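These are the residues of each chain, in order.
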Amino acid sequence: MAEAHSAVAFSFTVTPDGYDVRINHEALKAVWESGVVSWKKRIGKLKNNIHNGVFPASLYSWLIVVTIVLAVQLVSYDPSFGFIQLIHLHIPYVNSASSSLLGLYISTIVFGTLIWIAKFLVLKYLLKLLLSYHKWIYEVHGRTSFTTKLWFTLIKLYGGRKPLLMSYQASIPKLPVPDLRSSVNNYLNSVQHLMPAEKYKEVETLADDFCKGVGKKFQRYLILKSWWATNYVSDWWEEYIYLRGRSPIMINSNYYGLDALLVHNTSVQAARAANLIYAMLMYRREVDREELRPILINNVVPLCSAQYERQFNTTRIPGIETDKLVHFKESNHITVYHKGRYFKVLIKHKQRFLKPAELEIIFQKILDDNSAPMEGEEHLAALTAGERIPWAKARQEYFNHGKNKTSLDAIEKAAFCVTFDTEPQEYDPKDPSKLDRYGKAMIHGKGYDRWFDKSFTFVVCSNGQIGFNAEHSWADAPLMAQTWEACQQHELRHGADAPVMAQLWEIAQDEQYKLGYDEKGHCLGTPECEPPHPIRLHWEIPTPCIDVIESSFQVATKLMNDLDLHIMMFTEFGKGFVKTCKVSPDAFIQAALQLTYYRMENKFCLTYESSMTRLFREGRTETVRSCTAEVCNFALALNEGKPKSECIKLLNKAAETHQKLYRDTMTGRGVDRHLFCLYVVSKYLDIESPFLSKALSEPWKLSTSQTPHQQTDRLDLNKYPDRICGGGGFGPVTDDGYGVSYIIAGEDTIFFHISCKVSCPHTDSHKFGATLKKSLCDMREMFSKN
């Protein structure tokens, strides 16, 4: 009751003597501080909007322009050729000399402001035109044309200074719709060497009929959409590829990430969680305030930042026909799962973020809590792991009121979810299977201990190792990789050497950087307040709902048991060696993957490689069809033992083709998103297209993706090579295929995350990994002088 009384700012009662008014000054102070914080946020948002609105100009340039115009006007020269006088005539003032002079000054300022507005609009449009130039990406490093050098100079000149996260958004060009015939021809080129001649001839005929017939109509609708919409692909891609899927998102859609595997900061679970969660909250604050620097290719060309907006405070809500993404503007809590119980943890105290030492106390209370889960609570998250329709119906029927709604709101409105695992995970070079178990723990856990609908669930293992599981519809993996990298490097930079940090603690009192661990592995610093207690979430789950939960858990268990996942840490060589071969590291690895698949299956297959389209506004991904005729010729030559010189020549040719395809996809000339959108148009028009049905039904038996490393400059891996990240991965796309994610970590290490299904007799992730290792080593041997 004491807490309830203190939560009321004032109260009054009627007595025989009159009114008895009681004022709680602490509560009033809290209300006042809350209002101040709210207004500060509004003012900060307004300031950022103004900054981004005039970017690449600045508000200071307004002062300069107006000052120059005023100075010229004061020396009796009219820089406006009479326009200032025209403005002056329409400004009301008292008919006197002093007011007339004031009116002239105001007119001059108005004219200067109009000149400044015209200036920043011209600069913004010019910057947009400059960013539409993409020939730079096709030029070989060190052999840049004069046009591209001039373009880089202009970008730097007109690109503005100190950009905020969203400053470039209005200047980033729209994704263009490719030429219909070009897309169809590129598709045909990608499949010709993978089909028998008769089958290819049939597809070629369908393609020709499509281009001459309904394809033109579909293309016109798509062009019309591209004029109206910000991005002609992204909204349909999000809806039809992700949100309308009714199958489980665990393994099938969600992906995972691992810790930095070669360093171990602390084995204290609560302390590791506190520091990393604090780092994430600081990162979220950077995103909210737009203080995070936008990613610039070559420190010049900006990538679209739209995906950052839904990273935190976001959840996926199940529906009968389609799900929806819900983003909350603000969230002052996280939710924690431990041993079948859910807790709500406040992350602020008196309008400030709780410090790591304070968060550690809260988390330790949760870990020490031995209370039993409520009936149905332990397996509750299995609903998010199973089929979407049963979860949608259960949510509507059992979680739409009362305690269940309140508790579900706490989870869905949280900044993100946290799971404290009861098992340790680690990398052990003597036992590679531990790394496989680590990956499986992150991609699915136990099937009921990750809230798979949340934008991401942060996982802390019992020995302090960490990982995450991320929902895919809100953004793509590079964004989560950047967050993960920034938060881990923030911790590593400030917390790797505990004794040194203990000394720095006495000197550096910057609140944002009080990270690190003492000699016992606990968070540095001392609590400055009594942190709020974790709030246990309560549920009233009836028996019919428990049946739905258990049914979803059975679906999740079947999926988990069918996943064959292998993580291989390849240390024979890395990008350092590949660079000496004068071959793109990504093209080198893709060639090795084709060689591996051929050695496994004695044939080649349609291969998916993910590429980004963030050079365009609201761009997401495009497909690189990396199984080209050139890479197939290389794989056959090496596998047949052809001379090294011939194999190297074929590899170089394959790499050139691969890089051309990759650049085409980055610059909006890809095939698959265009065909996908044409297919959506055909469904809206209710017109069947045999060509589109054929093209989009072909399975990707090899689905690959590279996880970017070192997207930020917060940590020098040349100085700290042991702080490489283990990357992450995803489940197989087809029942009889492989999913391969890889991260080129530093100069000498590559991590491969290989997945397939146990139920398929022809696939084996460990065998694929061993064959891939041999393929890579054979390719290295190809460049030896002996």
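Check the entry above for the structure.
Not measured: the values here are computed from a predicted model.

K.L.:
For this particular structure, what's the right way to read the sheet that holds strand E14 (residues 466-470)?
P.N.:
Backbone hydrogen bonds are what pair the strands of a sheet, in a parallel or an antiparallel way. Pairing within the open sheet is mixed, and its 8 strands lie in the order E15-E9-E8-E12-E13-E14-E3-E20. For this open sheet the edge positions go to strand E15 (535-536) and strand E20 (728-729), each flanked by a neighbour on one side alone. As defined by bridge partners, strand E12 (residues 417-420) adjoins strand E13 (residues 456-460) across 4 bridges and the pair is classed as parallel. Opposite Val 418, over in E13, you have Phe 458 as the bridge partner. Most of the contacts of helix H12 (residues 356-368) go to strand E9 (residues 341-346), to which it runs at about 165°, and overall it touches strand E8 (333-338), E9 and E12. Lying over the sheet, helix H15 (residues 402-412) contacts E8, E9 and E12, oriented at roughly 105° with respect to E8.

K.L.:
Looking at this structure, how should I read the sheet that holds strand E19 (residues 702-706)?
P.N.:
Sheet architecture is open: 6 strands sit in the order E16-E22-E21-E19-E17-E18, paired in mixed fashion. Edge positions in the open sheet fall to strand E16 (563-570) and strand E18 (621-625), since each of these has one partner strand only. Across the sheet, the mean angle from the axis of one strand to that of its neighbour is 20°, orientation sign disregarded. In terms of strand pairing, E19 meets strand E21 (residues 738-745) through 5 bridges, oriented parallel. In the strand pairing of E21, Ser 705 is matched with Ser 741. Packed on one face of the sheet, helix H21 (residues 585-601) meets strand E17 (607-612), E19, E21 and strand E22 (749-757) and runs near 145° to E21.

K.L.:
Hey, could you run me through the nonpolar core in this one?
P.N.:
One broad rule of soluble globular proteins: the nonpolar side chains tend to lie buried together. Core analysis: the biggest nonpolar cluster contains 112 residues, and Tyr 187, Ile 277, Ile 334, Phe 363, Phe 416 and Phe 458 have the highest contact counts within it. Element by element, the count of residues in this core is highest for helix H11 (residues 269-288), at 13 residues. Excluding residues within four positions of it along the chain, Tyr 187 makes contact with Met 195, Val 203, Arg 625, Val 671, Leu 675, Phe 691, Ala 695 and Glu 698. Among the nonpolar cores identified, the runner-up in size contains 43 residues, and Ala 592, Ile 750, Cys 756 and Leu 772 belong to it.

K.L.:
How do you make sense of the pairing of strand E7 (residues 324-327) when you look at a structure like this?
P.N.:
Of the strand pairs in this sheet, strand E6 (residues 314-317) and E7 are connected by 4 bridges, and their pairing is antiparallel. Across the sheet, Ile 317 pairs through a bridge with Lys 324, a residue of E7. The hairpin turn running from E6 into E7, its antiparallel successor, is 6 residues long.

Calculation notes
- Residues numbered from 1 in each chain as written.
- Predicted model: local features only at pLDDT ≥ 70, side-chain atom pairs only at ≥ 80, totals over all residues.
- Heavy atoms only, no water.
- Pairing = 2+ DSSP bridges.
- Helix = DSSP H or I, 4+ residues; strand = E, 2+ residues; numbered from the N terminus.
- Contact = heavy atoms within 4.5 Å.
- Axes fitted to C-alpha atoms, helices over the stretch in contact; angles between N-to-C directions.
- Core = buried A, V, L, I, M, F, W, Y, C linked by side-chain atoms within 4.5 Å.
- Buried < 20%, exposed > 50% of the residue type's maximum accessible area, 1.4 Å probe, protein only.

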